Amino acid sequence: MDVTVEIKGLQELEARLQEIGALAGQKLLRRVLRRVAKPMAARAKSNAQAVARSGALARSIAIQSRREKPGQAARVVVTSKARDRTALYLHNSAYGRQRKGIFYGWMLDQGHRVGTRGTGSLRRLDRRSDGGRATGLQSVAPRPWWTPAVNASQGPAISAFIAELRQAIDRVERRRARTANPDAVVPV
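What counts, and at which threshold
Residues numbered from 1 in each chain as written. Predicted model: local features only at pLDDT ≥ 70, side-chain atom pairs only at ≥ 80, totals over all residues. Heavy atoms only, no water. Helix = DSSP H or I, 4+ residues; strand = E, 2+ residues; numbered from the N terminus. Buried < 20%, exposed > 50% of the residue type's maximum accessible area, 1.4 Å probe, protein only. Contact = heavy atoms within 4.5 Å. Areas by Shrake-Rupley, 256 points an atom, 1.4 Å probe, with all protein chains shown as cover. pLDDT = per-residue confidence, 0-100. Salt bridge = Lys/Arg side-chain N within 4 Å of Asp/Glu carboxyl O.

**Focus: the overall build of the protein chain**
Working step 1: Tallying secondary structure elements over the protein chain gives six helices and four strands in all.
Working step 2: Ordering the α and β elements of the protein chain from the N terminus gives α-α-α-β-β-α-α-β-β-α.
Working step 3: Every one of the 188 residues in the protein chain was classed for burial, and the buried ones make up 30%.
Working step 4: Considering only contacts in the protein chain between residues 6 or more positions apart, those separated by 24 or more positions represent 61%.
Working step 5: Just so you have it, the protein chain exposes about 12600 Å², and 51% of that area is on carbon and sulfur atoms.

**Looking at the confidence of the model for the protein chain**
The predicted coordinates should not be examined in detail at positions where pLDDT is low.
Working step 1: Put simply, the protein chain has an average pLDDT of 77, and 75% of its residues get 70 or more.
Working step 2: Overall, residues 120-130 carries pLDDT values under 50, and its contacts beyond four positions in sequence, including any with other chains, amount to 28 contacts.

**A word on the pattern of salt bridges**
Working step 1: Using the criterion set out here, one finds three salt bridges in the structure.
Working step 2: Across the pair Asp-84 and Lys-81 runs a salt bridge, and its minimum N-O distance is 3.8 Å.
Working step 3: Connected through shared salt-bridge partners, Arg-59, Lys-81 and Asp-84 make up one network.

**What about the environment of Val-77?**
Working step 1: By secondary structure assignment, the location of Val-77 is in strand 2 (residues 75-80).
Working step 2: The spatial distance from the C-alpha of Val-77 to the C-alpha of Leu-33 is 9.1 Å, given a sequence separation of 44 residues.
Working step 3: Residues in contact with Val-77, not counting those within four places in the same chain, are Ala-62, Ile-63, Gln-64 and Arg-66.

Structure (structure tokens):
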């Protein structure tokens with residue numbers, strides 16, 4: 001469920017980011033991406049709360065920064081943290097079973113088939129008197145929560161990214177100018 005957005009036409013901002021430096025530029029870009037991802041995460045949480053009854057999926061949604069090697073682009077992900085302790089407790093207490101992770105978010109969003117591995121294909125076991133013979137496919141309809149959040153946030157996220165990045169670069173440049181020449185007056 002990864003969504004990658006590539007923005008073209010930002011040569012001026014890219015050149016200013018390179019002037020700042022590789023490490024500082026990475027930190028700045030990661031901070032801006034996290035700030036822009038907050039509305040998408042909030043929308044995904046509210047959608048997941050409406051779809052999943054226990055609230056565990058909504059609790060597990062978080063913004064994560066992935067460390068990259070120098071020279072690679074910053075990566076920020078809005079994802080479901082499978083091992084979130086509070087989310088696991090909510091799920092296990094609501095459904096009365098012991099799960100080790102919140103893994104079912106994509107299945108709710110996209111739909112899936114229920115089955116067993118023992119039959120060799122995705123077939124459900126019918127619990128009748130004939131011994132639980134495999135009787136056919138059972139599809140679970142999708143209950144979208146992630147896709148609407150991404151679709152609603154894509155347009156505003158791109159314009160917010162450009163504006164936030166421009167402001168962040170301006171702040172860094174003003175701070176550097178102030179430290180380089182403390183007596184000079186820097187326009188605000």
